Amino acid sequence: MRDTGEGGGGDKTSKTEKDQSWIPKIIKKRVCTTFVEDSLSNGVQCQCGGARDAHASVALGDYFSTAMVNHWDSAQHSSEYPTDAFGELQFVGVSRRHSYFLRLSWDTPPSAVYNLMTGNWGLPAPNLVVSVVGGEDRTKVKTWVREVLRQGLVKASQSTGAWIVTTGMREGVGGCVGEAVRDHATAASSVSLNKVVALGIAPWGMVQNRQQLVNPQGSFPAKYSIENTSKDFCCLDNNYQAFLLVDDGTVGRRGGETRFRAKVEEYISHQRTGIWGSGSIDIPVLCMLVSGEASMLERVDRSLKTCMPWLVLAGSGGLADFLSDVLENLSLAPASNEVDGEVGPSVDLKDRVAERFKKHFPSEAESDKLVERALSIYQNRDFITFYHGEQEGPNDFDTVLLKTLVQASKQRTSADASPYSEELKLAVTWNRVDIAKSELFNGDIQWRYEDLEDSMTDALINNKPQFVRLFTENGLNIMEYLTYGRLENLFRSVADGTVLYQLLQCRLVERLGTSPPVPTFTNLQDSSNVAAGKSSPVADISLFEVAGVLDLLMGDVCQSFYYDALGLEQTSSKRRALRRASKLLRSDCMYRAERCPYPWASLFIWAVLQNRSEMAIYFWEMSVESVLSALSGCKILRELSKLEDETETKLSMKELAQRFENLAHDVFGSCYRSNESRSFTLLITQSQVWAGTTCLQMGMGADARLFFSHDGVQTLLSQIWWGDMKRNTEVWKLLLTFFCPFLCYTNLITFRKQEDHQQEEGGGEPNEDGQGRDSDSLYGTTIFSFSDIKNIEADAQGSTSPRTAAIKGIPHSHTPPKRPFIVSRWRQFWFAPVTSFLGNVLMYFLFLLLFAYVLMVDFKPPPPSGPSNTEYVLYFWVFTIVCEEIRETFFLGIVTWRQTMRVYIQDVWNKCDLVAIMLFIIGLICRMFESSYGFGRDVLCVDYMVFTLRLIHIFAIHKQLGPKIIIVGKMMKDIFFFLFFLMVWLMAYGVANQALLYSYDPRLDHIFRRVFYRPYLHIFGQIPVEEMDGNIIFGKEWDMECTDNVTLIQGGAEPCRSLSNNWLVVILLIVYLLVTNILLINLLIAMFSHTFTVVQANSDIYWKFQRYNLIVQYHSRPSLAPPFIILSHINLIIKRNIRKVPSLKIHHFVLQLSKKETNRLMTWETIQKEDFLTAQTKIQRNSDSERLKRMSVKVDGVVKHMAENRDFDHRLRALENEMEYCSNALSWIVDTLAQGSTFKPPRPPPILKDEFASSPNSA
């Protein structure tokens, strides 16, 4: 019965078979081994329901013992064998979706079955189990019961994540539930979080066509055909996800699954909800009675004794109506009497119950036993709730379920527990925040922290952000809640199969050295601990593994996370950190009791790593440093999306990353509109929350192009780029001043004055700390120019300047003396990044001219004749370029050499520089020797091309050229795809053309030219027609001497052409030119047009983003350009190694503030974020969709009130009828007494006055 022929599913099928191959070893079936004759069948049939011929010989052998047996019993007269029916089930012609099925004995351990369903079958762990009992006969189900099942039960199951358990048959209530599940699946979206799981537990002997399911090796899938239901059998319903076919050895007998079903329900009721059993409560199990037979009283009584709650649909008929009649109508009567201190049912109550039993079940024989069961049920009536569907309606059915379970839980809880804690836990489990708000958090209940702690953990792990928000708003202190130990537990709850789980596992393997244990289902008898959350695949996860994952995702943007908690902040080597962490985690781990200093940021990281969008957005709203947090979330998600394999998850990660980038852009825009200088400070302030990074660094690492395109970011970059000069300075003025330096002392270039600095940097506004103090003293100094750095660097050894004090976060005492005008103006011009850039561009052009002159004019032979003096100048020039590359690579403050090389290699232009330098070194070495002189010159010629292409990066700063360079870079990718298609046609045509023209030509160089080079030239019109189209073409002859002698050809002679297939060569040439010149070239043009259209719209954003790298590069570069830059390098060596002057430029664009100033800056940023969120909320509330939602809620309220009014009208009509009856009865009594002569009344009877009758009309 295996189906392995459907496309591409072989691997999946084999994997499924392997996962379930252990089932026959553990799961058994039952076969009747003793034939007990049925007295009504004349010896043809056994009491198990099977025919005599269907029994094995062992079942018929012991005639004596068979004759002594009067009643067949499954435990005594049947034996267990390995099951032969399991796997996947496909309903032929009905549904393409596969269901799971398993044939098992009635005494199979429920733990093995539950772990099979949640583990191997992949059914989600339930938050609620509703077991629908009754309604199994073929009588027609009432209409209102169908509506309750469809609109009430299935809707509640979807909102709570419940399992619905029925018989799974296509008859009675099972068929109604199947239809309701089908309708829900059709209407629900594919991304529905809580999908309805319908589980069928049916007797194996009642399944029609069950032989189609039998296969000892398992069926993947089994083809099951649905037919009309026969008298004794019934087909399975195709709308169920799984079937447990309980085998007790009977055939065509109902009730064999009852005992097993009760055991499964009881086992599930002791399992924890949530991921890995992380919920705060056991899985609630509710039995719902629909109709039912009298024999089900035993089932109800036994489950009530185990405190199992029941919901009875009163009015559905059968046993449901009997229990409603007994428990509701007799509840006001005295239920018991006391005899000798013992409580028991009263005789009067027993008689009334027996009377009602005969009324509802007149044909039952054993009424006395069933009445005793009914009295036992009466004693446990607190666990039974009645639902009158004809009066209440199915819309609030989920609320009824909640109240039923809450009522049952109150009966079980102790007096010390909070009376509302169970209701809260149920609401969290079902994710019904509306019920929690209206019933539990309406202001009437004072919640304690202890009451909310477990529910908060449940809400976090099981992704219920609305409850997290609700608990936070109602008294839960997140600072007290989140400790490092609890944070580790949150990371241990990560679902397996996710990217985060795999990354944590890899880090754990690195620390432990071996693969961590993963729970399997080999020993299902002991696997209940896994379901209870006692053993998890990530049980050993610590903050060290989390820090490793963040290091992998963040790269070199920031320092390591959580190292301060682990005591590893001073450790630079990863191996040393690994050893210290392993030693620490083998000890008591005292850090786990410490509180997390930034709880919202830690929860934000945890939510982002799991791609939980709604929860991550809420944690971002609550965290500090909003702009940096949003950029960090964007960075993490984009790195995770590169590791994700599933397309849908990858797309959702990218969408959430873009959303965070938009938030960072919008919040920073709000900050920039509020205060320009503070927003600049915000961009370069070093964060303590995010491991010492800044907004600009994180934005660059996150590839946040939109954020960098903001006017505020570009304004800061422009101010840094121009230094102390005005940003509107013309380029010709810079060039003129560059060649005539004394012009910097004139008014040719306008410089910003000190007052302008104060206006742009501080604003000079009074603040809450005192009149006259500007924002510099509160928020630090923004470094706008190169001269600011130089001022700080010059005064680092001396007195503390205001700028230095602000940057270092210490108070300043006095202002340093000003430099002379000549020195300060000289520094203002030459130390600006734009001047450094201009000097480098001019000197680079001179370098290229020198290089070209050496190659074409002054490239002398090897020593002793050469090299020339100009060539030695060229060598020295390249040497200074190499020195600058080494400075940029290894002296920028990065901790390890590995990080240094990784950062350097990530830049494409650094790779270009590396190639140019390596080629130059190779060419230089080769040209010094006679044997390799020519090769060395060739290498240097190629190297000149590489150095020239480097100009593209230099001109990326230009506003017009920069975007075009980006477009060219994007088009280069299109060329590679075009070359792939072109190479296919080149090879196809070239090989065929060569073989047709020349039957024999062993020269490889000629073959290569004619196969690849010549067809390539055909594209541009260079076609040797005289060679390809006969001897005489348009009066021209092919005059090349040729021969057909093989020996001469092998010696190098030109072979003659083969003219026999000349017509085919012409046809192939026509087809080749048609495809390449028309099809492929136009395809390339179309690709270029599409790329230009797409990139042109965003080219400005791309250019602004890449502009940052160039500004950072020239901001940190010395003022002198190669070859004079060697003087700056010597100066740096003296200052750093001899004078020991620390470098402040080593951390470019980084501002360190004191703790007090940082808190004030974060407070200001938080205020701007709240203003932005308030504005967004207002816009959202005024949107059409929100208005429609509010209108829909109001209309629903009106409809509900109208339904209540109809109920009141119904009651008033009933009251009027009763009043009319009473009035008529009293009139009859009055008339009777008036006609009698027994006694004479003292006064006449009252008369109805007309005003009472007419008053309604008058009103």
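Right above here is the structure, for reference.
Just so it is clear, the structure is predicted and the values come from calculations on it, not from any experiment. Residues take numbers from 1 onward in each chain, read along the sequence in its written order. A pLDDT threshold of at least 70 governs which residues receive local features in this predicted model, and a stricter bar of 80 or more applies before side-chain atom pairs are shown or counted, although totals over entire chains, interfaces and linings include all residues. In computing side-chain values, all of the structure's heavy atoms are included and hydrogens and water are not.

Draft legend 1. Just the overall build of the protein, in detail. Here a helix means four or more residues in a row that DSSP labels H or I, a strand means two or more in a row labelled E, and each is numbered from the N terminus. Across its full length, the protein holds 55 helices and 16 strands. Evaluated residue by residue, the protein yields a buried proportion of 49% over its 1259 residues. Contact between two residues is taken to exist if any of their heavy atoms lie within 4.5 Å; hydrogens are not considered. Taking the intrachain contacts of the protein between residues at least 6 apart in sequence as the baseline, contacts between residues at least 24 apart amount to 74%. We get accessible surface area from the Shrake-Rupley algorithm with a probe of 1.4 Å; when it comes to residues, only the shown protein chains can shield them. Carbon together with sulfur atoms contributes 56% to the accessible area of the protein, which is approximately 64000 Å² in total. Type-normalised accessible area, obtained with a 1.4 Å probe on protein chains alone, sets the label of each residue: buried when under 20%, exposed when over 50%, and partly exposed for intermediate values.

Draft legend 2. Examining the packing of aromatic side chains more closely. Centres within 6.5 Å make a pair out of two Phe, Tyr or Trp rings, where for Trp the six-membered ring is used; the pair is then stacked when the planes are under 30 degrees apart, edge-to-face when over 60, and tilted otherwise. Inspection of every chain in the model, using the stated rule, returns 51 aromatic pairs. Taking 5.3 Å as the distance between ring centres and 45° as the angle between the ring planes, the aromatic pair formed by phenylalanine 357 and phenylalanine 361 counts as tilted. By relative accessible area, which is 11% here, phenylalanine 361 ends up buried. An angle of 65° between the planes, with centres 6.0 Å apart, marks the rings of phenylalanine 851 and phenylalanine 947 as edge-to-face. Here phenylalanine 851, found in helix 41 (residues 833-856), pairs with phenylalanine 947, found in helix 45 (residues 933-949); they are 96 residues apart in sequence, far enough to count as distant. One aromatic cluster is present, formed by Tyr844, Phe847, Phe851, Tyr872, Tyr875, Trp877, Phe920, Tyr944 and Phe947 through successive ring pairs. The rule for a charge over a ring is simple: NZ of Lys or CZ of Arg within 6 Å of the ring centre, and within 35 degrees of the ring normal. A cation over a ring is seen here: arginine 937 above phenylalanine 859, with NZ or CZ 5.7 Å from the ring centre.

Draft legend 3. Representation of helix 29 (residues 626-643). The span one expects for a helix is its residue count, reduced by one, times 1.5 Å. Along its 18 residues, helix 29 runs 26 Å from first to last C-alpha, staying within 8% of the 26 Å computed at 1.5 Å per residue. Of all 18 residues making up helix 29, 16 are buried, and the element is well covered by its neighbours.

Draft legend 4. Spotlight on the packing of helix 41 against helix 51 (residues 1062-1116). Structural elements are reduced to axes, namely lines fitted to C-alpha atoms, with helices fitted over the stretch in contact, and the angle between N-to-C directions of any two is expressed from 0 to 180 degrees. Direction vectors running N to C along helix 41 and helix 51 enclose 90°, while the axes themselves pass 8 Å from each other. If you check the angle between helix 41 and helix 51, you find them roughly perpendicular. Across the interface between the two elements, Pro833, Ser836, Phe837 and Asn840 of helix 41 pack against Leu1110, Tyr1114 and His1115 of helix 51. The residue classification treats Ala, Val, Leu, Ile, Met, Phe, Trp, Tyr, Cys and Pro as nonpolar and Asp, Glu, Lys and Arg as charged. All others, Gly included, are polar. Here the residues of the contact of helix 41 with helix 51 are counted per class, giving four nonpolar, three polar and no charged. Throughout this description, any angle smaller than 35 degrees is read as roughly parallel, any larger than 145 degrees as roughly antiparallel, any in the 65 to 115 degree range as roughly perpendicular, and the remainder as oblique.

Draft legend 5. Broad picture of helix 44 (residues 908-927). The terminal C-alpha atoms of helix 44, which comprises 20 residues, lie 29 Å apart, in line with the 28 Å expected from a rise of 1.5 Å per residue. If you check which residues of helix 44 are buried, you get Asn910, Cys912, Asp913, Ala916, Ile917, Phe920, Gly923, Cys926 and Arg927. Definition of a polar contact: a pair of N or O atoms within 3.5 Å, with one able to donate and the other able to accept a hydrogen when the atoms are protein atoms, and with sequence-neighbouring residues admitted only if both atoms are side-chain atoms. Structurally, the start of helix 44 carries an N-cap: the backbone nitrogen of tryptophan 909 is 3.2 Å from a side-chain oxygen of aspartate 907.

Draft legend 6. Up close: the packing of helix 24 (residues 543-554) against helix 29. Look at helix 24 against helix 29: their axes get within 9 Å of each other, and the N-to-C directions meet at 90°. When the axes of helix 24 and helix 29 are compared, the pair comes out roughly perpendicular. Here helix 24 contributes Leu550, Leu553 and Met554 to the contact with helix 29, which in turn contributes Ser632, Lys635, Ile636, Glu639, Leu640 and Leu643.

Draft legend 7. A look at a nonpolar patch on the surface. Taken together, the side chains of Ile886, Phe890, Met901, Ile905, Leu914, Met918, Ile921, Ile925 and Phe929 make up a nonpolar region of the molecular surface, amounting to roughly 760 Å² of accessible area. At the level of secondary structure, the elements contributing two or more residues to the nonpolar patch comprise helix 42 (869-890), helix 43 (897-906) and helix 44. At four residues, helix 44 tops the list of elements feeding residues into the nonpolar patch. Inspection of the secondary structure puts methionine 901 in helix 43. Patch membership requires more than 30% relative accessible area and the absence of a salt bridge. Residues of like charge join within 9 Å; the nonpolar side chains Val, Leu, Ile, Met, Phe, Trp and Tyr join within 5 Å. Note on definitions: salt bridges are taken to be side-chain nitrogens of Lys or Arg within 4 Å of carboxyl oxygens of Asp or Glu.

Draft legend 8. Molecular detail of the side chain of serine 709. Locating serine 709 in the fold gives a position in the loop between helix 33 (705-708) and helix 34 (711-722). Residue classification places serine 709 among the buried residues on the basis of a relative accessible area of 12%. A distance of 2.6 Å separates the side chain of serine 709 from the backbone oxygen of leucine 706, its partner in a polar contact. When sequence neighbours within four positions are dropped, the list of residues in contact with serine 709 reads Gln714, Ile1101 and Lys1104.

Draft legend 9. Focus on a positive patch on the surface. Residues Lys574, Arg575, Arg576, Arg579, Arg580 and Arg898 make up a contiguous surface patch of positive charge. Note that arginine 579 resides in helix 26 (residues 574-585). With relative accessibility at 56%, the residue arginine 579 sits in the exposed group. By the counting scheme adopted, Arg and Lys are positive, Glu and Asp are negative, and His together with the chain ends is not counted. Lys charges are placed at NZ, Arg charges at CZ, Asp charges at CG and Glu charges at CD.

Draft legend 10. Quick peek at unusual backbone geometry. Omega for the peptide link from proline 863 to proline 864 comes to 10°, which places this bond in the cis form. Mapping proline 864 onto the fold places it in the loop between helix 41 and helix 42. Cis geometry is found at the peptide bond from glycine 866 to proline 867, where omega equals -5°. The backbone of cysteine 307 sits at a positive phi, close to 65°, despite the residue not being glycine.

Draft legend 11. How the structure looks around the state of the cysteines. Pairs of cysteine sulfur atoms within 2.5 Å are what we label disulfides. Inspection of every chain in the model, using the stated rule, returns one disulfide. There is a disulfide in this structure between cysteine 1042 and cysteine 1056, and the S-S distance comes to 2.2 Å. Between cysteine 1042 and cysteine 1056, the disulfide has an S-S torsion of 90° and is therefore right-handed. Within this pair, whereas cysteine 1042 is found in the loop between strand 16 (1036-1037) and helix 50 (1046-1050), its partner cysteine 1056 is found in the loop between helix 50 and helix 51, the two being separated by 14 residues in sequence. Overall, the relative accessible area of 35% leaves cysteine 1042 in the partly exposed class. Relative accessible area serves as the criterion here: at 17%, cysteine 1056 is assigned to the buried category.

Draft legend 12. Seen up close, the sheet that holds strand 3 (residues 86-91). Two strands are said to pair when DSSP picks up at least two bridges between them. Taken in spatial order, the 10 strands of this open sheet run 8-3-4-9-7-6-5-10-11-14, and their pairing is mixed. Strand pairing shows two members of the sheet lacking a second neighbour, strand 8 (219-224) and strand 14 (384-388), which therefore form its edges. With direction set aside, neighbouring strand axes in the sheet form an average angle of 25°. Both strand 6 (residues 162-166) and strand 7 (residues 197-203) contribute to a ladder of four bridges, which runs parallel. Across the sheet, threonine 166 pairs through a bridge with glycine 200, a residue of strand 7.

Draft legend 13. Inspection of the pairing of strand 7 at higher detail. By the criterion of burial, strand 7 is predominantly enclosed, with seven of the seven residues buried. With burial as the criterion, each face of strand 7 is covered, one bearing Val197, Leu199, Ile201 and Pro203 and the other bearing Ala198, Gly200 and Ala202. Where strand 7 lies against strand 9 (residues 242-247), five bridges are found, and the strand directions are parallel. Within the sheet, the bridge partner assigned to leucine 199 lies in strand 9 and is alanine 242.

Draft legend 14. Inspection of the pairing of strand 10 (residues 285-289) at higher detail. The buried fraction of strand 10 is high, at five of five residues. Side chains Val285, Cys287 and Leu289 project from strand 10 onto one buried face, and the interleaved Leu286 and Met288 project onto a second face that is buried too. Of the pairings in the sheet, the one linking strand 5 (residues 128-133) to strand 10 comprises five bridges and is parallel in character. From the neighbouring strand, valine 132 faces strand 10, where its bridge partner is methionine 288. As paired elements, strand 10 and strand 11 (residues 310-314) share three bridges and run parallel to each other. Paired with methionine 288 across the two strands is leucine 311, which belongs to strand 11.

Draft legend 15. Quick look at the nonpolar core. Residues belong to a common nonpolar core when they are buried Ala, Val, Leu, Ile, Met, Phe, Trp, Tyr or Cys residues joined through side-chain atoms within 4.5 Å. Core analysis: the biggest nonpolar cluster contains 161 residues, and Leu460, Phe471, Phe619, Phe660, Phe707 and Phe847 have the highest contact counts within it. Looking at this core, the element that brings in the most residues is helix 41, giving 12 residues. If we ignore the near neighbours within four places in the chain, the residues touching phenylalanine 619 are Leu460, Val468, Trp600, Leu603, Phe604, Trp606 and Ala607. Judged by nonpolar contacts, the second largest core, of 62 residues, contains Ala242, Leu244, Met296 and Leu370.

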